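# Summary of structural features
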Amino acid sequence: DRFVDILFKERKFEKQCNQQTELVRAHGGRRAQLIRARLDALHAATCLEDLRNVSGRLHELKGNRKGQLSFDLDHPFRLIFVPNHSPVPATDDGGMDWRRVTAVKILGIEDTHA
């Protein structure tokens, strides 16, 4: 099986994610632990569909964030990412086809309600 390919929008955040002490320094212990768990879940998946029932809400965003996905961390923070496909795999009804999303680009950590 092939695993989800993960890219990062920003090199700085990628470096943080690969060094636990940097991740804790930047985000605190609890959030760092959740970020690591979300990235590990993405690494272990073969496609986005595998994460449908993982603990922690994962959902597609709407409005001006359509096409982005949000993975819950500690409220109100979220790990935000997009499918790294061009074009994004779509279902017959035009929605995102989670079964065919096998590559993602991490945009960062955000409070999507701010």
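First, a word on what this report is: a plain description of the structure on this page. (Residues numbered from 1 in each chain as written. Predicted model: local features only at pLDDT ≥ 70, side-chain atom pairs only at ≥ 80, totals over all residues. Heavy atoms only, no water.)

Moving on: helix α3 (residues 29-44). With 16 residues, α3 should reach 22 Å at 1.5 Å per residue; the first-to-last C-alpha distance of 22 Å fits that figure. For α3, the full list of buried residues reads R31, A32, L34, I35, R38, L39, A41 and L42. At its buried positions, α3 is contacted by β1 (5-8), α1 (11-17), α2 (20-27), β3 (69-72), β4 (77-83) and β5 (103-111). (Helix = DSSP H or I, 4+ residues; strand = E, 2+ residues; numbered from the N terminus. Expected span 1.5 Å × (residues − 1). Buried < 20%, exposed > 50% of the residue type's maximum accessible area, 1.4 Å probe, protein only. Contact = heavy atoms within 4.5 Å.)

Turning to the sheet that holds strand β2 (residues 58-60), a few remarks are in order. Taken in spatial order, the five strands line up as β1-β5-β4-β3-β2 in an open sheet, and their pairing is mixed. The open sheet is flanked by β1 and β2, the only strands paired with a single partner. Looking at each pair of strands side by side, their axes are set apart by 35° on average, direction ignored. Bridge count between β4 and β5: seven bridges; the pairing is antiparallel. Bridging from a neighbouring strand, F81 pairs with I106 of β5. (Pairing = 2+ DSSP bridges. Axes fitted to C-alpha atoms, helices over the stretch in contact; angles between N-to-C directions.)

So, on to the pairing of β4. By the criterion of burial, β4 is predominantly enclosed, with six of the seven residues buried. Bridge count between β3 and β4: four bridges; the pairing is antiparallel. Bridging across to β4, S70 finds its partner in I80. In this antiparallel pair of consecutive strands, β3 and β4, the connection spans four residues.

Here the focus is unusual backbone geometry. H75 connects to P76 through a cis peptide bond whose omega is 5°. Mapped onto the fold, P76 is located in the loop between β3 and β4. Residue P87 follows S86 across a cis peptide bond; omega there is 0°.

Relative to the elements of secondary structure, R78 occurs in strand β4. A polar atom in the side chain of R78 sits 3.2 Å from the side chain of D72. Residues in contact with R78, not counting those within four places in the same chain, are S70, F71, D72, L73, G108, I109, E110, T112 and H113. (Polar contact = N/O pair within 3.5 Å; in protein donor to acceptor, adjacent residues only side chain to side chain.)

So, to be careful, I would describe these as geometric facts and stop short of saying anything about function.
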